[in-house]
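Structural features, examined
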Amino acid sequence: MSKTDTAYQYWNTEWDNKNVSEKWTEAEPEVLATFEKIGKSKKILDLGAGVGRHSLPFAQNDCEVTAFDAAESGLASIEQLGKKNGVFIKTVLGKMDQLPFANDYFEHVLSWNTIYHGNHDILIDTVNEIKRVLKPGGTFHGTMLPQRRIELLKNEYDCKEISKNTWIINSDSESDKAHPHYYCSANELTAIFKDFEFNWLTMKEHDTPNSWHWHFMIEKL
Ligand SMILES: C[S@@+](CC[C@H](N)C(=O)[O-])C[C@H]1O[C@@H](n2cnc3c(N)ncnc32)[C@H](O)[C@@H]1O
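What you see is a predicted model; the values in this text were computed from it and never measured.

A word on the site of the ligand. In the vicinity of the ligand lie 19 residues, with Trp 11, Gly 48, Gly 50, Ala 70 and Ala 71 positioned nearest. Here the shell around the ligand gets 3 residues from one element, more than from any other, and that element is helix 1 (residues 7-15). Taken together, the residues of the shell around the ligand sort by class into 9 nonpolar, 6 polar and 4 charged.

Our focus in this paragraph is the packing of helix 1 against helix 6 (residues 72-84). A pair of packed helices is captured by two measures, namely the crossing angle of their axes and the spacing between those axes. Viewed as axis vectors pointing N to C, helix 1 and helix 6 meet at an angle of 45°, and their least axial separation amounts to 7 Å. As far as their axial angle goes, helix 6 and helix 1 are oblique. Taking contact as the criterion, the partners of Trp 11, Asn 12 and Trp 15 in helix 1 are, on helix 6, Glu 72, Ser 73, Gly 74 and Ser 77. Its residues assigned to classes, the contact of helix 1 with helix 6 shows 2 nonpolar, 4 polar and 1 charged.

With that settled, the discussion passes to the nonpolar core. When a protein is soluble and globular, its nonpolar side chains tend to lie buried together. Among the nonpolar cores identified, the biggest contains 49 residues, and Ile 44, Leu 45, Val 65, Ala 67 and Val 109 are the most heavily contacted of them. Tallying contributions element by element places helix 7 (residues 120-133) first for this core, with 5 residues. Among all residues touching Leu 45, those that are not within four sequence positions of it are Thr 66, Phe 68, Phe 106, Val 109 and Val 133.

The next subject is helix 7. Look at helix 7: 20 Å from first C-alpha to last across 14 residues, which is about the 20 Å you get at 1.5 Å a residue. Restricting attention to buried positions, one finds in helix 7 the residues Ile 122, Leu 123, Thr 126, Val 127, Glu 129, Ile 130 and Val 133. For helix 7, the buried positions fall inside an angular range of 160° around the axis, keeping them on one side. Elements in contact with the buried residues of helix 7: strand 1 (43-47), strand 4 (106-111), strand 5 (134-146), strand 8 (181-184) and helix 9 (186-192).

Let us now look at helix 8 (residues 147-156). Since the α-helix packs 3.6 residues into each turn, any two residues three or four apart lie on the same face. Restricting attention to buried positions, one finds in helix 8 the residues Arg 149, Ile 150 and Leu 153. Mapping the buried residues of helix 8 onto a view down its axis gives an arc of 90°, with all of them on the same face. Of the surrounding elements, those touching the buried residues of helix 8 are strand 5, strand 6 (158-163), strand 7 (166-170), strand 8 and strand 10 (212-220).

Scoring rules and cut-offs
- Residues numbered from 1 in each chain as written.
- Predicted model: local features only at pLDDT ≥ 70, side-chain atom pairs only at ≥ 80, totals over all residues.
- Near = placed C-beta within 6 Å.
- Helix = DSSP H or I, 4+ residues; strand = E, 2+ residues; numbered from the N terminus.
- Nonpolar A, V, L, I, M, F, W, Y, C, P; charged D, E, K, R; others polar.
- Axes fitted to C-alpha atoms, helices over the stretch in contact; angles between N-to-C directions.
- Parallel < 35°, antiparallel > 145°, perpendicular 65-115°, else oblique.
- Contact = placed C-beta atoms within 7 Å.
- Core = buried A, V, L, I, M, F, W, Y, C linked by C-beta atoms within 7 Å.
- Buried ≥ 20, exposed ≤ 12 C-beta atoms within 10 Å, placed from the backbone.
- Expected span 1.5 Å × (residues − 1).
- Arc of directions from axis to C-beta.

This is the structure:
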């Protein structure tokens, strides 16, 4: 099977469009709420950083931030964002299943709406990479897509399962869902992150109705 981690191509075009990137500037309150737990002066990886709406507040909180993404256009915006706000945000281009960082380097990894872009193999390689680059006791704050979401999408769109839990969706409007996305149950999610300790796991609806996501905070043992 050819590689399924193609969604960044869609995002690379989107981030070049000001009308789109302007809608992705406000940080999620849930991410801002983690600052107290994480503290200052920490090494943070924003994995799938987009246009930097989370990298910026971490850098402003005196953290050493690395913004990592496979979409070059988003990283270029993050460099500008850092300069405009007088903070340094290191940007690194690459794929999430091969992180170019040393073992045990980061104290916290955030990956908001990113690691489910691909099939099971890509996800497992990415989770292993997150585990490798996190220090023992380091935290991972992530989102994933629940099975419930694909069941609801199936009522509306032409959806095709290309491998277990990996779906592509055909709709009239341009969407990154034309690229493979991974959807799983809570049991499957906890099995995928079996080497971590769960602080919490919950399901939340994002801006649009039925846009359910798993949200979780876990620690490397
Ligand atoms: C939905 S956007 C979220 C961006 C950001 N986390 C936020 O919340 O604003 C998903 C991001 O993941 C990146 N991405 C998708 N697949 C990737 C891959 N295989 N490796 C690295 N980044 C990837 C995309 O380029 C895009 O910037």
